[in-house]
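Okay, here's what each chain looks like letter by letter:
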Amino acid sequence: MSLVPDFPRPLTTVDVAIFGIHLGSLNILLVQRPVASDEPYPGVWALPGGFVDIGKDSDLLSCAKRKLREKTNVDASYLEQLGGWGSATRDPRGWSATHVYFALLSADNVHLRPGGNAGDWRWVPIDGQRVRETLAFDHADILKAALVRLRNKVEYTSLPAFLMPHEFTLTELQKIYETLLGRPIEKKSFRTRVLATDLLEETNRRREGPNRPAQMYQLRNRRQPVFFSRALVAPE
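Cut-offs used in this document
- Residues numbered from 1 in each chain as written.
- Predicted model: local features only at pLDDT ≥ 70, side-chain atom pairs only at ≥ 80, totals over all residues.
- Heavy atoms only, no water.
- Helix = DSSP H or I, 4+ residues; strand = E, 2+ residues; numbered from the N terminus.
- Polar contact = N/O pair within 3.5 Å; in protein donor to acceptor, adjacent residues only side chain to side chain.
- Contact = heavy atoms within 4.5 Å.
- Expected span 1.5 Å × (residues − 1).
- Buried < 20%, exposed > 50% of the residue type's maximum accessible area, 1.4 Å probe, protein only.

K.L.:
For the side chain of T203, give the residues involved together with the corresponding values.
P.N.:
Along the chain, T203 turns up in strand 8 (residues 200-207). Only 3.2 Å separates the side chain of T203 from the backbone nitrogen of R205, close enough to count as a polar contact. Among residues more than four places away in sequence, those in contact with T203 are E167, Q215, M216, Y217 and Q218.

K.L.:
Quick rundown of helix 1 (residues 60-72)? Include the residues and the values.
P.N.:
Under the 1.5 Å per step criterion, the end-to-end length of helix 1 is 18 Å for 13 residues, consistent within 8% with the ideal 18 Å. Listed in full, the buried residues belonging to helix 1 are C63, A64, R66, K67, L68, K71 and T72. Looking at the packing, one finds that the buried side of helix 1 touches strand 1 (11-22), strand 2 (25-32), strand 4 (49-51) and strand 6 (96-105). Its side-chain oxygen placed 3.4 Å from the backbone nitrogen of L61, D59 serves as the N-cap of helix 1.

K.L.:
Quick one: what's the story with the environment of L29, residue by residue and with numbers?
P.N.:
Inspection of the secondary structure puts L29 in strand 2. Residue L29 is classed as buried on the basis of its relative accessible area of 0%. Separated by 11 residues in the primary sequence, L29 and I18 have C-alpha atoms spaced 5.4 Å apart.

Here is the structure:
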């Protein structure tokens, strides 16, 4: 008796919403779809992703990491599963289900190059809850959901620290939080909250500036975020 189901199976893919701070603002990394005539959405911008390979991928996370490397030539320090999207209409090739992750990168400190069948890549600024470019498939809806997840977590976790380069100052970290929240944060409260956790460790370097040199920090753990006991507060 065969264990292979005798009914049609949906196309199964994994897509990754990759966020980074580029030129001082939040960006999403997009890749250009292949321009071949038999490809859906030829030449249109999309989130990096592709089909699950049952010979290569032991699970969905393995597929997300593989697609990230194939399409961009980088490994993300943080990957989180966002959710699943599926319907009979999202892909013109047939009934399709995609499993979505979001990733955080230090955009100005990684060396990306397009790979696989991606025609090109670019960092695209986030305008509210969207980008100006038209996106393939249902990737505009996926991007909105990823933004909601990211911004909700900014208030009470260390997630924005995964957007930082290897070393940074507390002032630089606070600016990333304020960029994502769209509002200022009370400086003393922020520093107290961050330094009270096991999030950071001092390096042996200081950043020279117009005032006294600023202590440089790095993450103790570049895989798991830290949760704060209270949300971050705005200045009075």
